[in-house]
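So the chains spell out like this:
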Amino acid sequence: MSEFTRILTPQRFLASMALAIGCVAMLLLVSPGVGTESGSVGWWDAWRAELGISISPDELRGRPIIDVDNDGAVSPSEAAAFAKLARTIGFGQRFARSLLALQVGVTLGICGAAFQILFRNPLATPYTLGIASGGSLGALIAIRLGWAVAFAGISTVAIFAFGGGLMVVGAVFVFARGTRRLTSNELLLAGVTLGLFCSAMMMFVTAVSSERETFFMVRWMMGSLDPIRTIEGATLLPLMLPAWVALVILSRALNQYRLGDELAASRGVNVATLQAICVLVCTLATAAVVAHCGPIGFVGLIVPHIVSLAFGTDCRLLLPLSGLIGGAFLIVCDWASQLTMRLAGWVSGRQLGSATLPIGVVTAIVGVPVFLVLLRARKTRTVS
Amino acid sequence: MISLREVQFGYGNTMFLGPISLTVERGVCWGIVGPNGAGKSTLLRLMAGLLIPLHGEIRVDGQCIGNFSGRQRAQRIAFVPQVPAADIDIGACDFVLMGRFPHHRWGLFESSGDHSIARATMQATHTDVFADRTLNMLSGGERQRVYIAAALCQGSPAMLLDEPTASLDLQHQMEMFQILRDAARTENKAIVVVTHDLNLARGFCDQVMLLSDGQPVAVGPPESVLTPEVLTPVYRVPLGLASVQDSKGAWLVALDERASNSRA
């Protein structure tokens, strides 16, 4: 008899996870060196400064910004100043930003995979139920009302976006009440319809806003990892962590769920409870992401498909890997968003400043072609 | 093993099934037969705990079925649904191994014991030849055999199967019923099979229940239930018995009504 080559063994699981975690760790390692902020701070400088390893003045000779007194030599005080700068730029900004991208990407990837399984629909993402449009509408209203005050470290815009997202998902479930199955078309239709309604309301709010407000609104809807203060990154975690933990713990039950409601129920899976828990944790996590970073599309859609093509569809592997690869994907997209403008400035010979491309643009530029290729591949092979 | 007492099921106030009383013992292979819409599948789902009876009581090992957790129930009863959900790219061996789910509460992985059970089950059901293929690469009949293998792998003392031979060819129909009857004989399992194949039921089941419009019309050994006299009014088709060489009994055949009319 042939061996069980497809079966997920702890060894294969650990090897795959180690690979993905290794990728993410590498990205985080070099992340203090990637960014638009001025200053020739390399990732190696930033790590040494962070770890308190002194940087000798000799090493810094020839670097452009070090020589404050312009005497052609690097004094120890200048080296110390550079170390301080390296810490600030490398960790205070670049690393913190990549860490936020990682968290957001993990959440979008793992929740996207979970929704595709829960709805048995390869196009389902948490956005399908209207979290993104509800959140955007909430954010736009907050901007229009000018309530851009911070409350306990979180901006009102974020709170409004969070509330708006949850309200729309709640409304979707109220309207679709009576449909017993999550996979029902009523639920998806209610989500899409309410999403369209929110889009119309967003246009209304934009129409009655000033030019300056409209600019902020448009920027917000493009999605952004700009609020990079670590305090905000930290406040996201309590809302996202339940989804990460719950989905990995429930991955064996989700494997059964994929086989169909009846078979899963006959093997002891409480299908309704499983669906409720998964939708709840994913909704909270995604609403938190939308509130802080705006609607960042395509991560939740394409990453699970790529992972399932490469690693198979066993949820025990698919869910955590979709998270990790999603995190890595978003870190790289964030770098691309920062570096394309720099590249464009260098090519055109003009100073375009340190402006960054909206992250939503980058994920779409990368995501759409990949997704279309996968769509063609689906003709021969069924995913999800 | 499983006993039903005055079980009724329906939606709202209209009962379309029952009252039915039935006791399924270990080591016995039961067949449930009847025309389309007679309530066979509903009865099977009630016994599996997937539906809750509106009246009456279902006991498993002497305890009310509702007292078990889903996992405890699954350790006692394995269920094979009618139409296997197709188009899942899960490996056949993974699928069989997933039958061990009710035996694990925590942990992400199956034990090596589970692996050897799955391997042995696949060998016994001759499904090991497609162990490396995914379910969506298998034909309907092959998939059905893999589903039955998974139910055997679950290791529950009772097995409920909804038309397990529907898309199997003759050879595999016989083989499947042979496997099920062996499971009843050697492993002392209680087997309940919903089937449309009256002759297979006649050949392999120890007890048969004939349902019509949600009511049990006849219950007993196949020789007494599956006769033209009992079946003809239920199926509204004239039936006859043909003796077949090298067979332990006779073969049920539908008679051509027009032909018999023209003769009369």
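Here, every reference points to the structure presented above.
Predicted model only: the values in this text are computed from it and were never measured.

What counts, and at which threshold
- Residues numbered from 1 in each chain as written.
- Chains lettered and ligands numbered in written order.
- Predicted model: local features only at pLDDT ≥ 70, side-chain atom pairs only at ≥ 80, totals over all residues.
- Heavy atoms only, no water.
- Helix = DSSP H or I, 4+ residues; strand = E, 2+ residues; numbered from the N terminus.
- Rg over C-alpha atoms; globule rule 2.2 N^0.38 Å.
- Buried < 20%, exposed > 50% of the residue type's maximum accessible area, 1.4 Å probe, protein only.
- Contact = heavy atoms within 4.5 Å.
- Areas by Shrake-Rupley, 256 points an atom, 1.4 Å probe, with all protein chains shown as cover.
- Lys, Arg positive; Asp, Glu negative; His and termini not counted.
- Charge placed at Lys NZ, Arg CZ, Asp CG, Glu CD.
- Patch = residues over 30% accessible without salt bridge, like charges linked within 9 Å, V, L, I, M, F, W, Y side chains within 5 Å.
- Salt bridge = Lys/Arg side-chain N within 4 Å of Asp/Glu carboxyl O.
- 1 Å grid on protein atoms, 1.4 Å probe; cavity = no way out; pocket = protein on both sides within 12 Å on 5 of 7 lines; lining within 4 Å.
- Points joined across faces, edges and corners; volume = space filled by probe spheres on them.
- Nonpolar A, V, L, I, M, F, W, Y, C, P; charged D, E, K, R; others polar.

A. A look at the overall build of chain B. The helix and strand tally for chain B stands at 10 helices and 12 strands. For a compact globule of 264 residues, the expected C-alpha radius of gyration is about 18 Å, and chain B comes in at 19 Å, within 12% of that figure. For chain B, with 264 residues in total, the buried portion stands at 54%. Restricting the contact set of chain B to residue pairs at least 6 apart, pairs at least 24 apart contribute 63%. When the accessible area of chain B is evaluated, it comes to approximately 11,400 Å², of which 51% is carbon and sulfur surface. Separation between the mean location of the 22 positive side-chain charges and that of the 26 negative ones in chain B comes to 5 Å.

B. Local environment of a nonpolar patch on the surface. A cluster of nonpolar side chains, contributed by Leu237, Leu241, Val245 and Ile249 of chain A together with Trp106 of chain B, occupies part of the molecular surface with about 500 Å² of accessible area. Along the polypeptide, Trp106 of chain B turns up in the loop between helix H3 (92–97) and helix H4 (112–124).

C. Representation of unusual backbone geometry within the structure. Backbone geometry places Phe298 of chain A, a non-glycine residue, at a positive phi of 75°. Topologically, Phe298 of chain A is positioned in the loop between helix H11 (271–293) and helix H12 (299–311). For Asn188 of chain B, which is not a glycine, the phi torsion comes out positive at approximately 55°.

D. The arrangement of the layout of surface pockets in detail. By volume, the largest pocket is sized at about 980 Å³. Ala265 of chain A together with Gly49, Leu50, Leu51 and Ile52 of chain B are the residues nearest the centre of the largest pocket, which is lined by 32 residues in total. Elements that contribute at least two residues to the lining of the largest pocket include exactly helix H10 (261–266) and H11 of chain A together with strand E1 (2–11), helix H1 (40–48), strand E4 (55–60) and helix H2 (70–76) of chain B. Considered class by class, the residues forming the lining of the largest pocket number 16 nonpolar, nine polar and seven charged.

Everything listed is a geometric property; what it means functionally is a separate question.
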